[in-house]
Amino acid sequence: MTENNFSLKKIEISVSEAEKRTGRNAMNMQETYTAYLIETRSVENIDGQSVLTDSLWRRYSEFELLRNYLLVYYPHIVVPPLPEKRAEFVWHKLSADNMDPDFVERRRIGLENFLLRVSSHPILCRDKIFYLFLTQEGNWKETVNETGFQLKADSRLKALNATFRVKNPDKRFTDLKHYSDELQSIISHLLRVRARVADRLYGVYKVHGNYGRVFSEWSAIEKEMGDGLQSAGHHMDVYASSIDDILEDEEHYADQLKEYLFYTEALRAVCRKHELMQYDLEMAAQDLASKKQQCEELATGTVRTFSLKGMTTKLFGQETPEQREARIKVLEEQISEGEQYLKSKNLEGREFLKNAWADIERFKEQKNHDLKEALISYAVMQISMCKKGIQVWTNAKECFSKM
Amino acid sequence: MSGGPPKALQSTGPHSLRDMPHPLAGSSSEEAVGGDSTPSPDLLMTRSFGDKDLILPNGGTPADTSSPASSSSLLNRLQLDDDIDGETRDLFVTVDDPKKHVCTMETYITYRITTKSTRVEFDLPEYSVRRRYQDFDWLRNKLEESQPTHLIPPLPEKFVVKGVVDRFSEEFVETRRKALDKFLKRITDHPVLSFNEHLSVFLTAKDLNVYKKQGMALLTRVGESVKHVTGGYKLRSRPLEFAAIGEYLDTFALKLGTIDRIAQRIIKEEIEYLVELREYGPVYSTWSALEGELTEPLEGVSACIGNCSTALEELTDDMTEDFLPVLREYILYSDSMKSVLKKRDQVQAEYEAKLEAVALRKEDRPKVPADVEKCQDRMECFNADLKADMERWQNNKRQDFRQLLMGMADKNIQYYEKCLMAWESIIPLLQEKPDAKKKSQCLDEPSR
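Definitions and cut-offs
- Residues numbered from 1 in each chain as written.
- Chains lettered and ligands numbered in written order.
- Predicted model: local features only at pLDDT ≥ 70, side-chain atom pairs only at ≥ 80, totals over all residues.
- Heavy atoms only, no water.
- Pairing = 2+ DSSP bridges.
- Helix = DSSP H or I, 4+ residues; strand = E, 2+ residues; numbered from the N terminus.
- Axes fitted to C-alpha atoms, helices over the stretch in contact; angles between N-to-C directions.
- Contact = heavy atoms within 4.5 Å.
- Domains from an automatic or database assignment.
- Buried area = accessible area lost by both parts, 1.4 Å probe.
- Salt bridge = Lys/Arg side-chain N within 4 Å of Asp/Glu carboxyl O.
- 1 Å grid on protein atoms, 1.4 Å probe; cavity = no way out; pocket = protein on both sides within 12 Å on 5 of 7 lines; lining within 4 Å.
- Points joined across faces, edges and corners; volume = space filled by probe spheres on them.
- Polar contact = N/O pair within 3.5 Å; in protein donor to acceptor, adjacent residues only side chain to side chain.
- Nonpolar A, V, L, I, M, F, W, Y, C, P; charged D, E, K, R; others polar.
- Buried < 20%, exposed > 50% of the residue type's maximum accessible area, 1.4 Å probe, protein only.
- pLDDT = per-residue confidence, 0-100.
- Phe/Tyr/Trp six-rings, centres within 6.5 Å; stacked < 30°, edge-to-face > 60°.
- Lys NZ or Arg CZ within 6 Å of the ring centre and 35° of its normal.

> I tried to follow the sheet that holds strand β1 (residues 91-102) of chain B on my own but got confused; where do I start?
Where strands meet in a sheet, backbone hydrogen bonds hold them as pairs that are either parallel or antiparallel. Residues and elements named next belong to chain B. Spatial strand order, β1-β2-β3: three strands in an open sheet with antiparallel pairing. For this open sheet the edge positions go to β1 and β3 (126-132), each flanked by a neighbour on one side alone. This sheet shows a mean twist of 20° between the axes of neighbouring strands, independent of strand direction. Across the face of the sheet, helix α5 (residues 133-146) comes into contact with β1, β2 (107-117) and β3 while running at roughly 105° to β3.

> Quick question: what am I supposed to make of the domain arrangement of chain B here?
As a measure of interface size, the accessible area lost when the parts come together is often cited. All names here are of chain B. Annotation of chain B at the domain level lists domain 1 (88-216) and domain 2 (234-430). Just the C-alpha atoms count here: the centres of domain 1 and domain 2 sit 22 Å apart. With 18 residues of domain 1 in contact, the opposing surface of domain 2 contributes 20 residues. Of the roughly 1,800 Å² buried between domain 1 and domain 2, counting both surfaces, carbon and sulfur atoms make up 56%. Inspection of the domain 1/domain 2 interface yields four salt bridges. Measuring nitrogen to oxygen at the nearest pair gives 2.6 Å for the salt bridge that ties aspartate 322 to lysine 178. Here the side of domain 1 that touches domain 2 takes six residues from helix α6 (residues 170-189), the largest share from any one element.

> Even after reading the chapter, I still don't get the sheet that holds strand β2 (residues 30-43) of chain A, so can you show me in this structure?
All names here are of chain A. Pairing in this open sheet of three strands is antiparallel, and the strands run β1-β2-β3 from one edge to the other. Of all strands in the sheet, those bounded by a partner on one side alone are β1 (11-24) and β3 (50-59). Taken pair by pair, the neighbouring strands of this sheet meet at an average axis angle of 20°, ignoring direction. Relative to β3, β2 runs antiparallel, the two being bridged by nine bridges.

> Even after reading the chapter, I still don't get empty space enclosed by the protein, so can you show me in this structure?
The gaps left among the atoms become clear once a water-sized probe is rolled over them. In this structure the tally under the stated criterion is twelve cavities of 30 Å³ or more. Its volume calculated, the second largest cavity comes out at about 160 Å³. Elements that contribute at least two residues to the lining of the second largest cavity include exactly α7 (171-219) and α10 (321-401) of chain A together with α10 (240-290), α11 (295-360) and α12 (370-431) of chain B.

> Hey, could you run me through the environment of tyrosine 127 of chain B in this one?
All names here are of chain B. Inspection of the secondary structure puts tyrosine 127 in strand β3. If sequence neighbours within four positions are ignored, tyrosine 127 has contacts with Ile113, Thr114, Thr115, Phe122, Leu203 and Thr204. There is a polar contact of 3.2 Å between the side chain of tyrosine 127 and the backbone nitrogen of aspartate 123.

> What exactly am I supposed to notice about the pairing of β1 of chain B here?
Residue and element names in this part refer to chain B. Alignment of β1 against β2, held across ten bridges, turns out to be antiparallel. Along β2, the bridge assignment pairs threonine 94 with threonine 114. Between β1 and the antiparallel strand that follows it, β2, lie four residues.

> Would you mind showing me how to read the interface of chain A and chain B here?
Contacts between chain A and chain B engage 59 residues on the former and 60 residues on the latter. Around 6,000 Å² of area is buried between chain A and chain B when both sides are counted, 73% of it from carbon and sulfur atoms. On the chain A side of the interface with chain B, the three residues burying the most area are Arg200, Tyr211 and Lys372 of chain A, jointly 11% of the side's total. Linking chain A to chain B there are ten salt bridges. In this structure, the connection of chain A to chain B is made through 18 residue pairs in polar contact (both at pLDDT 80 or more). For the side of chain A that touches chain B, the secondary-structure elements that each account for two or more residues are α7, α8 (226-300) and α10 of chain A. When grouped by side-chain class, the residues that make up the side of chain A that touches chain B number 34 nonpolar, ten polar and 15 charged.

> Explain the environment of glutamate 373 of chain A here, please?
Residue and element names in this part refer to chain A. Relative to the assigned elements, glutamate 373 resides in helix α10. Of the residues examined, glutamate 373 reaches a relative accessible area of 41% and is grouped as partly exposed. Here the alpha-carbon distance between glutamate 373 and glutamine 256, two residues 117 residues apart in the chain, equals 9.7 Å.

> Explanation requested: the side chain of threonine 316 of chain B in the structure shown.
All names here are of chain B. Position of threonine 316 relative to the elements: it lies in helix α11. Given a relative accessible area of 3%, threonine 316 falls into the buried group. Other than its neighbours up to four places away in sequence, threonine 316 contacts Ile267, Glu270 and Ile271.

> What exactly am I supposed to notice about unusual backbone geometry here?
Among all residues except glycine, the phi angle is most often negative; among peptide bonds, the trans geometry is most common. Backbone geometry places asparagine 28 of chain A, a non-glycine residue, at a positive phi of 60°. Along the chain, the position of asparagine 28 of chain A falls in the loop between β1 and β2.

> Any chance you could explain the confidence of the model for chain B here in plain terms?
Low pLDDT marks regions whose predicted coordinates should not be analysed in detail. Residue and element names in this part refer to chain B. Predicted confidence across chain B gives a mean pLDDT of 78, with 70% of residues reaching 70 or more. pLDDT under 50 marks residues 1-84. Its contacts with residues more than four places away, or in other chains, come to 107 contacts. The ipTM value of the predicted complex is 0.87, and its pTM value is 0.79.

> Looking at this structure, how should I read the packing of aromatic side chains?
All chains considered together, the criterion is met by 32 aromatic pairs over all chains. With a centroid separation of 5.3 Å and 10° between ring planes, the pair formed by tyrosine 211 of chain A and phenylalanine 215 of chain A is classed as stacked. Within this pair, tyrosine 211 of chain A and its partner phenylalanine 215 of chain A are both found in helix α7, separated by four residues, close to a single helical turn. For tyrosine 211 of chain A, a relative accessible area of 1% corresponds to the buried category. Sitting above the plane of the phenylalanine 242 of chain B ring, arginine 344 of chain B keeps its charged end 4.3 Å from the centroid.

Here you go:
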C-alpha cells in the first residue's frame, strides 16, 4: 500500500462543510450523524490557480477507520491524532453535545487539520488508502477492510504483556514513554484548569453588565449626572458582552493543546511497538539459547538443566542412540531456523529503531514549532483582550468625567 | 472633597480675593488683594446675615481688623458658597497617623487630627490632638443636637463584627482613617457647621473627656427650639420640593444598594478567578521542566500569568478598600438625611396645627400670637437651611461620585495595562529562535 508514487504535495485539502444526516446504522436503527465535505484541489504550476479535483462526504467513523489502518501499517510513524470524539474539558457555557454547531465547527477544523498533517507527512502522504479516502467515495470502506489490517494489528494483551516483560528496551524509547506519560498528565491538568479559568472570567465580565442596568435607572433621577451615568452604563454592557468572542477565540488555543495531548497516545503506540518487537526478539533469542542448550546436552549426554525428556528417560528408560540422533537433527534444524529468524528479527528491530527515531525527531521539531506558535497566538489573544479592556474602561472613564 | 494638605495661611486664594474689593482696606491687605479699598455694598449686607448664625467663643465681633489674616477670614465667612478649590478657605483639617493603644481594660486606635486655621476663634494657628472613634461619634451626636436643621455627614460604621474583620488590620484602619478624614473635611467645608463650638473643642482641646463631662450644651437658637418640637402632629401637605427630595433619596439609596451588591459580586468573582489563575500559572512551569526547547517560553508564560494574578489582587484590594466604603457612606448619609427631612415635617406640622388652632379661636384672628410666629420662624429657618444644604449636598455628591467612578475606571485601566505589559514583554521571548548550541542539546529529551 505504500508503493505509490502519488505525491500530494501540490494538493490542497479542505474540510469545507459539515452537514447533519440521518441514516440507518449497522443494526438497521435510525441514527443522526454529521457528514463532512472533503474537497481536494490541485494547484496548477503556472499561475497558482487551484482546480477542484475531488469532493466527497465522509463521517467521523470513516476517519477513525483510516487512522486505525495507518496505525497498523506504519507502526514506526507517530500518526497524527483525530479531534476528540466527545467534547471534554468544557467550561460551563460550552456545550458538550456532539450535535452542537460550535462543537461541529471545531471538529470540522480538527478533521481538516488531521488530513493536512497526513498529507504533509513525507511517508504517510504516499499511502494508497489515504489517496482513496480523498478520492473514492463509495466502496472505500470495503477496500480498507480488504487489506485485512485488523488481523495484522497486534493484540492489546500481547502488547501489554511485552511492556511488562521486556528486559532491554532501547533507553531512548523508555525515556520517550515517560515523557509521553508526563506530557499527557500535564496537558490534561492544564486544560482542566484553563476551563475553570474561562468559567470564572466569564462570570466577572457578565456581572459588569448589571452596572449597565442600574446606571441607567439611576440616571433617571439625576440632573447633571444623568447623561454621564447613562453612557457609562452602555460601555459596561459592551464590556460584558465582549467576553463571548474572547473565550471563543481561546477555544482555538485549547484545541491546539488537545491535539498534542492526543499525540502523546501516538507516541506511546510507537514505544509499545518497539517493546513488542524487542520482547519478541528477546523471546526468540531465549528460545534459541535453550534449544542450543538442549542440543548440547543430548550430544554430550549430560543433563544440566531440567527437561521433560530427561524426566521421562529416568522413568521409562533411556532412549536408543537412533532416537537421540533423530532428536539432535531436529534440534539442529530448529536452531538453524531460529538463527535465521533471530537475524531477521534483529534486522527488523534495527530498521524499526532507525525509522521510528527519525520520525520522532521530525515530530519533536514539529511539536516545538507548533506549541511555540500556539503560545504566541495565546499571548496575542491576551494582548487583544487587555487592549479591549483598556478601551472600554477609558470610554467609561470619559463618561464619568462628564458627570 | 475639600483640598488635601493644609495650605499656607497667608491671604488665601489669589483669584477670588483679587477680584473682590477689600471692605476693610489696610496697607498689608492691599498687596494681597490689589488695592481697591471701596467696600462693596453686597459684602456688607451678607456680613450682617452671617452674624445671626454665628456664636463666637470669645464673644468678639467678626470685624477684627488688626491683621491681614483675620480680614481674609472675614471674607471667607461672608462667602456663603463652598469654594470647592479651597482657595478662600481658612480652616484645614487632616486625620492621619493611626496608633494603637494597649491598656489594661481595652485596646483601641487613636488618630492624629491636625488643624491649621487663621480664624479668630482659634487661639493658635495650628493644633494637633489625638482622637479615637468614640470621640468622633460624640462630635457627630453633638452636631446633630445643636444643628438639627442641617445635614450632618456620616461616620464609617461603628460596629465591627469581631472575628470577621480584624479591626486592627492595616487595611481596616486605613479605610476608617480615610472615612474619618472625609467626615471632618465635609464639616469644615460647611459654612455653618465649621463654626460649631463642639467642633472647635474637638479640634483643639487637650483632653476631650473633661469637656464631655462638663456637658457644655451650646445650642444655636434654632437648635434649641427644634429640640423641643413635639411630635405627633400630622402633616397636611409636604411642599413639593421636600417631597421630591424625599423621593429622590429613597430611589438614590436603593440604587446605591444595588451598586454595592454588584460591586461586591464582582469582587467575589474576581477573587475566584484569581484562585484559578494561581493554579493555572504554575502548571506551565511544571511543563517547562519537562521540555527542552520549550523551557523558556513556557516558563515565560508561567511568570506572565503570575504577574497578571498579582495585578488582579491589587485591583480587588483597591476596590474593597476604596470603592465599597464610599458607597456605604453615601447610603448612611441618605439615611440620616431622611431623618432630618422627617424632623422638618414635624416642625411644619406643629406650625400648621397651632395656626389652625388659632384660626378656630375667632377672637384672636387679627393678631397672630407670638408662639405661632415662633413656629413659623422655626419652620422657615429649617426650610432655608435644608434647601441650602441639599444644594451643597447634591453638588458634593456629584463631585464625589464623579471621582469615585473615575477612580474605579482608572483602577481597571491600570490592571489591564499591567497585564498588557506582561504579555507584550514575553512575545520576543516566545519568538526567539534557539541558537545552534541550544538546538543540539534539545534533540535529546532531558533524562528522567
